[in-house]
Amino acid sequence: MPVTIDGSPTHVLIVHLVVVLLPAAVLGALLLVAVPATRRAFSLLTLLVGFVACVAIPFAFLSGSSLRGRVPNSPLVDRHVSLAHQLLPIAAVFGLVLAAFVAVDLLRRLRSDRLNDVERRLTALAPNIEHYARTRRLSGAYRVTATLLVLLALATGVQVYRVGAAGAKASWSGRLSASQHAAK
């Protein structure tokens, strides 16, 4: 992976996918759980955003590893890297639970014929899915996935903040004060 793209560090460009899309997926997931009326319109979109964000994390690792070899080692960089490594499993489990919640909710809405056009087309690809939805009790699975989703969304959001704050400190520590003295 190239260290830079057009003079900008690749890591910084890729990280923006994570720091924008993962919190968007977290907020979307919380909205889906809290406001049932949003599920029909936003379930698949939230799932797609979460998927792209989770897939971007390993690319952020790769680009960060390339960049780390070119910047001076420091405790701030080490902290950022350590926190980033904690994000991957949290985000991966969040993504899986989000997918499970969307699937269970889709089955529940299929039972009462409350799907949007895209969801109808997707369920038509699996002919036995309607029978499955009508013959299964989904309330327990719904409660479990909703509860786990809220907990994991909060954990993911907090960890994204921690990683980003540590990365910003590693990047900007000592630079702002030096530039303020130069401006005077």
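Nothing here was measured: the structure is a model prediction, and the numbers come from that model.

What counts, and where the lines are drawn
- Residues numbered from 1 in each chain as written.
- Predicted model: local features only at pLDDT ≥ 70, side-chain atom pairs only at ≥ 80, totals over all residues.
- Heavy atoms only, no water.
- Phe/Tyr/Trp six-rings, centres within 6.5 Å; stacked < 30°, edge-to-face > 60°.
- Helix = DSSP H or I, 4+ residues; strand = E, 2+ residues; numbered from the N terminus.
- Buried < 20%, exposed > 50% of the residue type's maximum accessible area, 1.4 Å probe, protein only.
- Lys NZ or Arg CZ within 6 Å of the ring centre and 35° of its normal.
- Axes fitted to C-alpha atoms, helices over the stretch in contact; angles between N-to-C directions.
- Parallel < 35°, antiparallel > 145°, perpendicular 65-115°, else oblique.
- Left-handed = near helix turned anticlockwise from the far one by under 90°.
- Nonpolar A, V, L, I, M, F, W, Y, C, P; charged D, E, K, R; others polar.
- Expected span 1.5 Å × (residues − 1).
- Contact = heavy atoms within 4.5 Å.
- 1 Å grid on protein atoms, 1.4 Å probe; cavity = no way out; pocket = protein on both sides within 12 Å on 5 of 7 lines; lining within 4 Å.
- Points joined across faces, edges and corners; volume = space filled by probe spheres on them.

Colleague: How should I be thinking about the packing of aromatic side chains in this particular structure?
Modeller: Two measures describe an aromatic ring pair: the distance that separates the ring centres and the angle between the ring planes. Inspection of the entire model under this criterion finds 1 aromatic pair. Ring centres of F101 and Y142 lie 5.6 Å apart, and the angle between their planes is 35 degrees; on these two criteria the pair is classed as tilted. Linking F101 in helix 3 (residues 75-111) with Y142 in helix 6 (residues 139-172), this pair joins segments that are 41 residues apart in sequence. F101 sits in the buried class, given a relative accessible area of 0%. Given the relative accessible area of 15%, Y142 is considered buried. Directly above the aromatic system of Y142 lies the positively charged group of R108, at a separation of 4.0 Å from the ring centroid.

Colleague: I'm lost on the packing of helix 3 against helix 6 in this one. Help?
Modeller: Helix-helix packing is described using two parameters, namely the angle between the two axes and the distance between the axes. Interhelical geometry of helix 3 versus helix 6 gives an angle of 155 degrees and a closest axis separation of 7 Å. Taken together, the axis directions place helix 3 and helix 6 in an arrangement best described as roughly antiparallel. The interaxial crossing formed by helix 3 with helix 6 has left-handed handedness. The residue inventory of the contact of helix 3 with helix 6, partitioned by class, reads 26 nonpolar, 6 polar and 4 charged.

Colleague: Honestly, helix 2 (residues 39-68) in this entry has me stumped. Any pointers?
Modeller: Think of an α-helix as turning once every 3.6 residues; residues three or four places apart then point the same way. Between its first and last C-alpha atoms helix 2 spans 41 Å; for 30 residues at 1.5 Å apiece the expected length is 44 Å, and the two agree. All of the buried residues along helix 2 are R39, S43, T46, V49, G50, A53, C54, A56, I57, A60, S63 and G64. Here the buried face of helix 2 lies against helix 1 (10-34), helix 3, helix 4 (117-124) and helix 6.

Colleague: Can you help me understand the packing of helix 2 against helix 3 in this one?
Modeller: Across the interface, helix 2 lies against helix 3 with an axial gap of 9 Å and an inter-helix angle of 160 degrees. Relative to helix 3, the element helix 2 is oriented roughly antiparallel. In the crossing of helix 2 with helix 3, the sense of the turn from one axis to the other is left-handed.

Colleague: What is the right way to look at the layout of surface pockets in this model?
Modeller: A probe matching the size of a water molecule, rolled over the atoms, marks out where space remains unfilled. Estimated volume of the largest pocket: approximately 990 Å³. Taken together, 33 residues line the largest pocket, and the ones lying closest to its centre are H11, L67, H80, G167 and S171. Put simply, the parts of the chain that give the lining of the largest pocket at least two residues each are helix 1, helix 2, helix 3 and helix 6. By residue number, the principal contributor to the lining of the largest pocket is helix 6, which donates 8 residues. Of the residues in the lining of the largest pocket, the class split is 20 nonpolar, 11 polar and 2 charged.

Colleague: How should helix 1 be read in this particular structure?
Modeller: Helix length check: helix 1 (25 residues) gives 36 Å between terminal C-alpha atoms against 36 Å at 1.5 Å per residue, within 8%. T10, H11, I14, V18, L22, A25, V26, G28, A29, L32 and V33 are the residues of helix 1 that are buried. Contact partners of the buried residues in helix 1: strand 1 (4-5), strand 2 (8-9), helix 2, helix 3 and helix 6.

Colleague: Can you walk me through unusual backbone geometry in this structure?
Modeller: Only a minority of non-glycine residues have a phi that is not negative, and only a minority of peptide bonds are not trans. One non-glycine residue, D113, adopts positive backbone phi at about 55 degrees. Turning to its location among the elements, D113 is positioned in the loop between helix 3 and helix 4.

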